[in-house]
Amino acid sequence: MLASANLRSHWPSYMAALLATTFGVALISATLVVYDSSRPVVQPRLTEATALALPLRADNEFGNTSDFVPWSATEAQQIADDLGTLPDVRVVADRSFYAQPVVDGIPIEDEGAEQAGHGWASVDLSPYRLTSGTPPTNGNQVVVPDALGFEPGDSVSVNLAAGLEAFTVSGTLSGAGLYFADERAAQLDPGVRAIGLVISTDTQIDAVSATAQQYLGDRGRIVTGEDRAALEPEFVSHRRNLGNQLIIAMSSIGLFTTVFVVASTFALATAERRRELGLLRTVGASPGQVRRMVLGEAAAIGCIGGIIGATVGLALAPVLRIVLSSLDVQPPDFHLRISAWPVIVAVAIGVAVAVIGAWTAAESATRVAPIEALLAAAVERHPMTKVRWVSGIAALLGGVGATALTAGAAPDSRTTNAIGAAMLFTVSAALLAPIVIGPIAQLVTWPFARSSRSAGPMLLRAELTTSTRRAAGTAAPVIAAVGFAVLLSGMVETMAVAYPAEQTEQLQGMVLVTSDGTPGLSDQVVAESGAGPLGTRAGLPTRLFVPGIQGNTTVVDAIGSLDERYARAGHAVVDEATATLLDVQVGRTITVRFADGMSENVTISQVLPLDPARGAFVLPRDLVRKHDPSALTDVVFLPQEKTPSQLPPGATVKDAYSFALQDYEVDARLTNWLAATLIAMAVGYCGLAVANVMAVSAYRRGPDISALQASGGSSRQLLSTAVFETVIIVLIGSALGSIVTIPPLLGMAAGLGQLTGTEVGLHLPWRTIAWVVTGCLVLASGSTAIVTRRTLRPRPEGKFR
């Protein structure tokens, strides 16, 4: 009841908290809806498969469930024969391999080309049907999509892992993919990762699936319904993971900024209401009642802001989906699915965030003494409380620790650590700001106070030095806005310099044959590029499955190499990390399973230090090709003097610097968009808070302004003094926000220098910083001017504020 009455009477003071909560919950609601919608979906070409038999899965180097362990052709045939005894069930072994049409010497770009080839039998698992012609009957025929524009009998060039090959179009299909004769598909992809079961509609699916699982036993598992989405292409999973990382980053910054702004707003409002709180204590209100009142106000704001924000978030979710799709960080078939739980969770988060943000202010309110109601002035006697000291120093030490971790962190965690360090430093700067704002304000206003005959500079100087906590509260959103802008843009600039410089340094004196419109290089390209055992590198990547002692299987990345130092028959070379992961040493013989499901014994001949150019697990190239007929070479490294003059379609030659830029281009594009999105979100979010906090501060000083008016101060003097004070606070906040991000950026630069082996300095985008600071100045000074101008309006005789 008391909280509701206070909220109604003091709503201007809490508008910043309401706006922050509303926008924060809107962002969280939108991201939760998108996150909920980004769950894996069944591939269109497998929608007619009632159930899928899938192999067991291996663990990756981090202990997480990863690749399916492929069945060999013999194992798959045995499983198909066992499942084929079920009544009313049609069984199909599904295969996927690299196949890409080449028209007029140009590969038809397809991000799913690595798994675009299939055996004709797999059509039974899809809704696709022949639109013309007949199925392929021999290894020289293929069925192509209608969209390519071919007719039965036409010749089409298809790029396979071996190279370009001419096929006869036997028919056209209503869907995507290239479908070959089953015998040819079995040659191109001997291993089997899925067996489809097509069950007639009048059969009990659950009963048949349970029986099929009994037949399959411990060789795999039967999945139905949405669980069939487990067999999604790797490029789809990769894009979904990138999108989820962006969503998590947006939500994290939104949560942090909401708590930060709510906390600073309530701290400011509580400081402005000390006399009122003292009056409540005078009439008998206990500290617990005061605490509940403040937290009740926060809960009410969180609930209102949460409901409005959740509604706005539902409207923003389609916009966020479009943004993510334009960034290529969501699967191509991504669609929104609206459910209740993201909205409910978002509203609950809004209430929780508001209460958490107001907790410190509530504790501060309980320490207001009844005597405060009798004070004629609201001078801060203790701008720094014990709790504020402890919290500020703890956040400062935490930021120092996180910065140290940033310098030595793995590449994948360096960005997260830097953001965490910046958040801690930002909190520390906001909490400890009253210590520095007073001295800085004295220094800045000293020339004006000395040279001006007006009382304005003197009053401004006194206001900033005696109300440092209020000034710190108004500067807090500026610290957050500028801090995040400097951090994110600085990270992007630093990485954009470091990574290409590293690769350019490593590849000095070499040229590189890379793919052009294809996912990799065929054996034909490798051969025509002149790659050989001496002076060149042409690693053929594959995945190996190594059985563990405890019955588990570990999947590792392996390379088939032409280098005679490593390409010894029956032997393998591993780096130290892989040797530790697999618990092997020199001279030990282990059994490895290849992509075709077949196993071979290899002896560890060397354990060498980490070298990304060599590979973690190196085998002879011909051994890898024997067991992985569809693997593609990533890059061919050649000395400059061996630069090839001509290459087949799908390949191009680049120098070291061009290759480094191209290799970083995809990451750079995503990183730039990520930074731009987060900067726009953080700055816009905090900018609104800056404007509102400044307006609240000006509104709360109405009685002081009226008193100055009565003392002879002109409207112009009072307005210019208020705006000048705001400008000083914004500039101080901008300086603190910039300073607190320097240590994390230096830590990140140091870590990148160690990783890349180059000297990486600090790179700051001054133009971005200038725009952000200018935006904060315009919003803050504009809000202060508008509210102060309204306060200065003439009022009826005898009426005081």
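(A) Up close: the overall build of the protein. The secondary structure content of the protein amounts to 20 helices and 23 strands. Going through the 801 residues of the protein one by one, you find that 51% of them count as buried. Contacts in the protein between residues at least 24 apart in sequence constitute 82% of all its contacts with a sequence separation of at least 6. Here the protein displays about 35800 Å² of accessible surface, and carbon together with sulfur accounts for 59% of that area.

(B) Inspection of the side chain of aspartate 563 at higher detail. With respect to the secondary-structure elements, aspartate 563 resides in the loop between strand 17 (553-561) and strand 18 (571-575). A relative accessible area of 12% places aspartate 563 in the buried class. For aspartate 563, the side chain forms a polar contact with the side chain of arginine 565, separated by 2.6 Å.

(C) Summary view of helix 5 (residues 205-216). The end-to-end C-alpha distance of helix 5, which contains twelve residues, comes to 16 Å, matching closely the 16 Å that a straight helix rising 1.5 Å per residue would cover. The complete set of buried residues in helix 5 reads Val208, Ser209, Ala212 and Leu216. Projected down its long axis, helix 5 carries its buried residues within an arc of 100°, all on one side. Facing away from the buried surface of helix 5 by more than 90 degrees, the exposed residues are Asp206 and Gln214. On the buried face of helix 5, the contacting elements are strand 1 (51-55), helix 3 (73-83), strand 4 (89-94), strand 13 (194-199) and strand 14 (220-224). Positive phi shows up at glycine 217, right after helix 5, with a value of about 65°.

(D) Region of interest: the nonpolar core. Within the largest apolar cluster, 28 residues are counted, with the highest numbers of intra-cluster contacts made by Val482 and Met491. Going through the elements one at a time, helix 6 (234-272), helix 11 (411-451), helix 13 (468-506), helix 17 (656-700), helix 19 (715-756) and helix 20 (766-791) are the ones with two or more residues in this core. With eleven residues, helix 13 is the single largest residue contributor to this core. Not counting residues up to four positions away in its chain, the partners in contact with valine 482 are Ser734, Gly737, Ser738, Val772, Val773 and Cys776. Listed in part, the 20 residues of the second largest apolar core include Ala579, Leu582, Phe617 and Ala631.

(E) Structural detail: the confidence of the model for the protein. Looking at the protein as a whole, its pLDDT mean stands at 80, while 78% of the residues score no less than 70. Note that residues 796-801 has pLDDT below 50 and, in this model, six contacts with residues that lie over four places away or in other chains.

(F) Expanded view of the sheet that holds strand 23 (residues 651-655). Strand order in the open sheet formed by three strands is 22-15-23, with antiparallel pairing between adjacent strands. At either end of the open sheet lies a strand with only one pairing partner, and these are strand 22 (636-639) and strand 23. Adjacent strand axes in the sheet meet at a mean angle of 30° when their direction is disregarded. By the bridge criterion, four bridges tie strand 15 (residues 510-515) to strand 22 in an arrangement that is antiparallel. Its bridge partner lying in strand 22, methionine 510 is registered against proline 639.

(G) Representation of unusual backbone geometry within the structure. In this structure, aspartate 88 takes a positive phi of about 60° despite not being glycine. Here aspartate 88 is to be found in the loop between helix 3 and strand 4. Take aspartate 88: its relative accessible area is 51%, and that puts it in the exposed class. At aspartate 104, a position not held by glycine, the phi torsion is positive, near 55°.

(H) Region of interest: the environment of leucine 216. Along the chain, the position of leucine 216 falls in helix 5. Remark: the alpha-carbon pair of leucine 216 and aspartate 82, spanning 134 residues in sequence, is separated by 7.7 Å.

(I) Just the environment of threonine 474, in detail. Checked against the element boundaries, threonine 474 lands in helix 13. Spatially, the C-alpha atoms of threonine 474 and valine 730 are 8.3 Å apart, while their sequence positions differ by 256 residues.

(J) Layout of the packing of aromatic side chains. In the structure shown here, the tally under the stated rule is three aromatic pairs. Seen in terms of ring centroids, tryptophan 120 and tyrosine 179 are 6.2 Å apart; in terms of plane orientation they differ by 85°. Their pairing is edge-to-face. Residue tryptophan 120 is found in the loop between strand 7 (117-119) and strand 8 (130-133), and its partner tyrosine 179 is found in strand 12 (residues 178-180); the two are separated by 59 residues along the sequence. Like tyrosine 179, tryptophan 120 is buried.

(K) Spatial organisation of the sheet that holds strand 13. Strand order in the open sheet formed by four strands is 4-13-1-14, with antiparallel pairing between adjacent strands. Only two strands of the sheet have a single partner each, and these edge strands are strand 4 and strand 14. The mean inter-strand angle of the sheet, taken between neighbouring strand axes irrespective of direction, is 25°. Where strand 1 meets strand 13, three bridges bridge the pair, whose relative direction is antiparallel. Across the sheet, residue alanine 51 finds its bridge partner in strand 13, namely leucine 197.

(L) Summary view of the pairing of strand 5 (residues 100-103). Relative to strand 10 (residues 155-159), strand 5 runs antiparallel, the two sharing three bridges. In the strand pairing of strand 10, proline 101 is matched with valine 158. Here two bridges tie strand 5 to strand 6 (residues 106-107), and the two strands are oriented antiparallel to one another. In the strand pairing of strand 6, valine 102 is matched with proline 107. Two successive antiparallel strands, strand 5 and strand 6, enclose a turn made up of two residues, where aspartate 104 displays a positive phi of approximately 55°.

(M) Seen up close, a nonpolar patch on the surface. Taken together, the side chains of Trp389, Val390, Ile393, Leu397, Ile435, Val436 and Ile440 present a nonpolar region at the surface, about 580 Å² in accessible area. For the nonpolar patch, the secondary structure elements donating two or more residues are helix 10 (386-408) and helix 11. It is helix 10 that contributes the most residues to the nonpolar patch, four residues altogether. Topologically, valine 390 is positioned in helix 10.

Cut-offs and rules
- Residues numbered from 1 in each chain as written.
- Predicted model: local features only at pLDDT ≥ 70, side-chain atom pairs only at ≥ 80, totals over all residues.
- Heavy atoms only, no water.
- Helix = DSSP H or I, 4+ residues; strand = E, 2+ residues; numbered from the N terminus.
- Buried < 20%, exposed > 50% of the residue type's maximum accessible area, 1.4 Å probe, protein only.
- Contact = heavy atoms within 4.5 Å.
- Areas by Shrake-Rupley, 256 points an atom, 1.4 Å probe, with all protein chains shown as cover.
- Polar contact = N/O pair within 3.5 Å; in protein donor to acceptor, adjacent residues only side chain to side chain.
- Expected span 1.5 Å × (residues − 1).
- Arc of directions from axis to C-beta.
- Core = buried A, V, L, I, M, F, W, Y, C linked by side-chain atoms within 4.5 Å.
- pLDDT = per-residue confidence, 0-100.
- Pairing = 2+ DSSP bridges.
- Axes fitted to C-alpha atoms, helices over the stretch in contact; angles between N-to-C directions.
- Phe/Tyr/Trp six-rings, centres within 6.5 Å; stacked < 30°, edge-to-face > 60°.
- Patch = residues over 30% accessible without salt bridge, like charges linked within 9 Å, V, L, I, M, F, W, Y side chains within 5 Å.
- Salt bridge = Lys/Arg side-chain N within 4 Å of Asp/Glu carboxyl O.

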